[in-house]
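# Examining the three-dimensional arrangement
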Amino acid sequence: MRISFDLDDTLFVAEEDGFAVEPPLRFPLNRLFQERLRKGTPELMRRLREAGWEIWIYTTSFRSPFYIRSLFRHYGIPIDEIVNGARHEREVQAEHNDPMPSKYPAHYRIDLHVDDDRSVYQNGAYYGFRVFLIGPPDDEWVEKIMQEAMRRRLPK
Ligand SMILES: [Mg+2]
C-alpha cells in the first residue's frame, strides 16, 4: 500500500498559525532547512512504515527531490518517492491534452493521499482517487490518518 503527503500546510506548517511543530534541526541544518514539520510527523511515518506502507511526497511545489529527501532524512524519515511540480508536469500532464488536476495520485497507484487543499479533495471525488483532507491544528491527526490507512487496507 502506498500513501502520499502534500507538503505546504500539510506536513510543513507554521508555528505562527497555531500549529505544534517538531523541534528545528541542529545548527547549521536549521539554516538550510527552514520548514517546520507538523508535530507527530516522524511518529506517523514510522507507524505507517511498520504497517507496511510506502511513503511518498506529492507536492505542486518545485522544491528538488534531493532537498525534500534530505530534510526528511535528518528527521529519521525515509521517503520512497517524490513527485514535485516538475515531475507532475512531465509524467502526468504531458501525457494528456486536456488539463489534468493539480495532483493525480492515481497515476502513481497511490492508495491514499493526504492534503489540506479542498480542491484536491474534490478532484479526488471527481477523478476517483482517495484523499484524506487535513485541516488546521488537530492533536488527533496522527490517529485519524492511521485509522484511515487501516480502513483502506480492509478488503472490500
Ligand atoms: Mg498544501
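Bringing the overall build of the protein into the picture now. Summing up its helical and strand segments, the protein has six helices and five strands in all. Scaling as 2.2 N^0.38, a compact globule of 156 residues should have a C-alpha radius of gyration of about 15 Å, and the protein matches this with 15 Å. Viewed in the frame of its principal axes, the protein has a C-alpha envelope of about 45 × 35 × 30 Å. Counting only residues that meet the buried cut, the protein has 28% of its 156 residues in that class. Counting contacts in the protein only where the partners sit at least 6 residues apart, residues at least 24 apart contribute 57% of the total.

Attention shifts here to unusual backbone geometry. For the bond running from F27 to P28, omega is 5 degrees, close enough to zero to count as cis. Its place among the elements puts P28 in the loop between β1 (2–5) and α1 (29–32). One non-glycine residue, D9, lies in the positive phi region at around 70 degrees. Mapping D9 onto the fold places it in the loop between β1 and α1. Looking at D9, the number of C-beta atoms within 10 Å reads 17, which means it is partly exposed.

So, about helix α6 (residues 141–153). Counted at 1.5 Å a residue, the expected span for α6 with its 13 residues is 18 Å, and the 19 Å between its end C-alpha atoms agrees. Residues of α6 that are buried: W141, I145 and A149. One side of α6 carries all its buried residues, which in axial view fall inside an arc of 70 degrees. What points out from α6, more than 90 degrees from its buried face, is the exposed set Q147, M150 and R151. Where α6 is buried, its residues contact β1, α2 (41–50), β4 (112–115) and β5 (131–133).

What follows concerns the environment of F27. Position of F27 relative to the elements: it lies in the loop between β1 and α1. A count of 8 C-beta atoms within 10 Å places F27 in the exposed class. In this structure, the C-alpha to C-alpha distance between F27 and L44, residues 17 residues apart in sequence, is 25 Å.

Reading the values: the criteria
- Residues numbered from 1 in each chain as written.
- Predicted model: local features only at pLDDT ≥ 70, side-chain atom pairs only at ≥ 80, totals over all residues.
- Helix = DSSP H or I, 4+ residues; strand = E, 2+ residues; numbered from the N terminus.
- Rg over C-alpha atoms; globule rule 2.2 N^0.38 Å.
- Buried ≥ 20, exposed ≤ 12 C-beta atoms within 10 Å, placed from the backbone.
- Contact = placed C-beta atoms within 7 Å.
- Expected span 1.5 Å × (residues − 1).
- Arc of directions from axis to C-beta.

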